[in-house]
Structure formats: structure tokens, C-alpha cells
Amino acid sequence: MENDKFGLAVIGSGTIGRVRAELAREHPCLGWLGVCDIDTGVMNRLAADTRADYASSDFRELVARPEVDAVIVATDENWHVDPILASVEHGHRLFVEKPLATDPVKSAEVLRAIEDNDIDAVVGYTQRFRRRFITARQRIREGAIGEVTTVVTRAFMNRMVPLATLARTDQRKTLTPMVVSGTHSLDVCLWLLEGLEGKEPVEVYARAGDHVLGEIGTKDNTLAIFTMADGSLWSMSISWALPVTWPGAVYGLEIGVVGSTGVLDIEDTHRDVVIASETPQGAGYQPEGFEASAPRHVDFVGSYPPGDYAEGGLWGPMREETGTWLNRLITGATTQHATASDGHRNLLITMAMDLSARRGEPVKLPPDPTQLLAD
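These numbers come from a predicted model, not from an experiment. (Residues numbered from 1 in each chain as written. Predicted model: local features only at pLDDT ≥ 70, side-chain atom pairs only at ≥ 80, totals over all residues. Heavy atoms only, no water.)

**Structural notes on the pairing of strand β10 (residues 233-242)**
Step number 1: Within β10, eight of the ten residues are buried, which leaves it mostly tucked inside the rest of the structure.
Step number 2: The pairing of strand β7 (residues 148-158) with β10 spans eight bridges and is classified as parallel. Its bridge partner lying in β10, Ala155 is registered against Ile238.
Step number 3: Joining the antiparallel neighbours strand β9 (residues 221-228) and β10 is a turn of four residues, in which Gly231 adopts a positive phi near 90 degrees. (Buried < 20%, exposed > 50% of the residue type's maximum accessible area, 1.4 Å probe, protein only. Helix = DSSP H or I, 4+ residues; strand = E, 2+ residues; numbered from the N terminus. Pairing = 2+ DSSP bridges.)

So, in C-alpha cells, the structure goes:
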């Protein structure tokens, strides 16, 4: 960086890449912005809207430019590995949308490259920037509910996410409810318990069903019981097969944390602000080329995890997450972002849940990445 200005490359110009690039353009220390996408139409629109200094459909060319100090990888889930490794080769700081990879062996290779080259890399887990979870974590760490004995997690999702995600690729075998979306609720629960003795998961038993979404190559739901190192228990369930007309645009989450002297009950279902109208309310999650199959006339406002568009921009946790990372580039401050190690751990645990569901038996944690791949 020169004169406290940084150069940023954004690889992937779709829904989330656009959000990150637009927020970066607002930062007073942004000195140079480059964007990239294999769809040149999408890329050129983002370049124009963000007044980008450079645009290229070749990510290797982009990250090799001397102006680049940091890189955001926001491509589709299956295509993170090569842009990450190219960025590591040039020593750039990284913000990677989850996961590091959809292949567990490749994820381990990516993590090793990041750590061996001492790269400051974070993974996008936006829930860590919701104020209710930040406050809840602090209360747990202060001992407000005593020793944690039980955790219960339930995530409900509109099926628009799997319909849109799987439509973009024919590599679908690892694009399951937990790997793609349940990983967010898994990460925030592990983050709530971070630093507490004995709260590392050591075994998982899971089941899954595919009555609705099996025809497009994924599961409807996953339900699991985790055993922690100290014997405490954590149940987790996710369904991303709710109807398109379900008022939750994307995510509705409930977390209960029971302790020896108290309980912490978190409702993040977004039913506190509801709009009902004769006018359709849009899809919430609507990437390029995706159209919902039915109109939604009722909406839980705020259920799109990144935030809400108003007053000419996005407002919500993704703004805070992106801004905090951009400040981190300048100041070097420690932040609550998920590390690359956290991201790899989350992938292995979600894939272990899928493995347990396929086998119908418990799986020890952490699993061997080569075993996950072979299975």
C-alpha cells in the first residue's frame, strides 16, 4: 500500500461480488479497483457502476497487476481454488466467500498454502457481524448462563437458494443444504462457543431427506446430533426446501443455548417486520438469470442475510463485515472474521454430517479429507 491507500481486486462480479465492490468503492482508502468475471457483460456493468480502474476476464492477469494489495474471491462455490492460489502466489491479503473449496482435499491444500505463505485470509461468514450474535457471544463468555450443556439450532430457508445455486453448475454432489447454507448457522454456533473448554465437536450423527429437491441433485434437509469433547450435546437442523412463497426471503434461524445457571434463546426469524402487499415483493435472493417460480406477496423484512437495499445502497451485516475487513487492511487490527482455518473446519464438519447421513452411522470429528472425498 502507498500513502494508506489500497488496491483491491474483486474476482466474481455476480450478486455478492457486486455488493463487496460497491461497498469497497465507498471506502476513503480505496486507491485502485479491478473487477473480473468470465461473463464480460456482468463484469462490464459492475466496472461501470463502481468506476473500476481495470476489468479483465482473466483473474491471473488481474491479481498479477502491481496495483493490487488485496483480493476478494466471490466466484461460484466450485471455482474458488485457483483464484485463491493465484492470489497467495502474489502475497495478497484475501477475503474468500465460503467455502475455501467444495473438495475437502483441495480445501486442505488451500489452507496449507495460505498458512505456509503467512497470508492474512478471512472467509465470509456474515452472521458474525449481526449485533444480536455479537452480544450473545459476549454474555456467554462472561458466564451469564454458567457452563453450556446443550445447544439447539434450527434453520429454515426458502428453496430459492438451492434452485438458483444448482442451476449455475452441473457439479452438484457437494452442494448440499449444510455445505452451501447450513454452514452459516454452524459457524455462528461454534463462534458463540469459541474459547469455552470442551466445546469442540468430536462426533456427529445425521440423517437427510430429498423428497422435494432430489430431482435437481440435492437434499431437502439435514438433521444432526453433535457430541462435544466434554459430553455436552448440540442438535442442528436445516431445511432449504421451504416453498418459494415462504415469507422468509432466505434465512430464518433459531438458537437456544442452555447453561448450568441460565439459558440464552436467540430468535433470528425476522418476523418482527412483516410486509404484505398486493404488489409482489421480489425474490430476496435473485442472482443474474434467476426468476422465482411464483410471486411473493408477504415478506419477512431483513431475512436476506447480507442486509436490505435502501437509500441507494445495502444496509446490514454485510456492510459491516466488508467495512471492517477494509479497515483491517489499513490498520492490521484483529477482527471477528472467520479465519481460513475456521472455513476449512466448517467444510469438514458439514461434509461429515452428509457422510453420516449417507452411512446411517456416527462419524468421528474432525474427519480425514481424503476419506470424505473417497466416500
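**Comments concerning the packing of helix α1 (residues 15-26) against helix α9 (residues 317-331)**
Step number 1: For the pair α1 and α9, the least separation of the axes is 10 Å and the interaxial angle reads 55 degrees. When the axes of α1 and α9 are compared, the pair comes out oblique. Every pair of crossing elements has a handedness; the one defined by α1 and α9 is right-handed. From α1, Ile16, Val19, Arg20, Leu23, Ala24 and Glu26 reach across to α9, where they touch Met318, Arg319, Glu321, Thr322 and Leu326.
Step number 2: Of the residues belonging to the contact of α1 with α9, the class tally is six nonpolar, one polar and four charged. (Axes fitted to C-alpha atoms, helices over the stretch in contact; angles between N-to-C directions. Parallel < 35°, antiparallel > 145°, perpendicular 65-115°, else oblique. Left-handed = near helix turned anticlockwise from the far one by under 90°. Contact = heavy atoms within 4.5 Å. Nonpolar A, V, L, I, M, F, W, Y, C, P; charged D, E, K, R; others polar.)

**Notes on helix α10 (residues 340-359)**
Step number 1: Given a rise of 1.5 Å per residue, 20 residues ought to cover 28 Å, and the 29 Å separating the end C-alpha atoms of α10 matches this to within 8%.
Step number 2: The buried count for α10 comes to 16 of 20 residues, which makes it a mostly enclosed element.
Step number 3: Gly360 occupies a position one or two residues after α10 and carries a positive phi of about 75 degrees. (Expected span 1.5 Å × (residues − 1).)

**Quick word on the sheet that holds strand β1 (residues 6-11)**
Step number 1: Pairing within the open sheet is mixed, and its seven strands lie in the order β3-β2-β1-β4-β5-β6-β17. Here the strands that pair on one side only, and so sit at the sheet edges, are β3 (54-56) and β17 (338-339).
Step number 2: In this sheet, β17 lies alongside strand β6 (residues 121-124) in antiparallel orientation, the contact comprising two bridges. Across the sheet, Val122 pairs through a bridge with Thr339, a residue of β17.
Step number 3: Where α9 meets the sheet, its contacts fall on β1, β4 (70-73), β5 (93-97) and β6, and the angle it forms with β5 comes to roughly 165 degrees.

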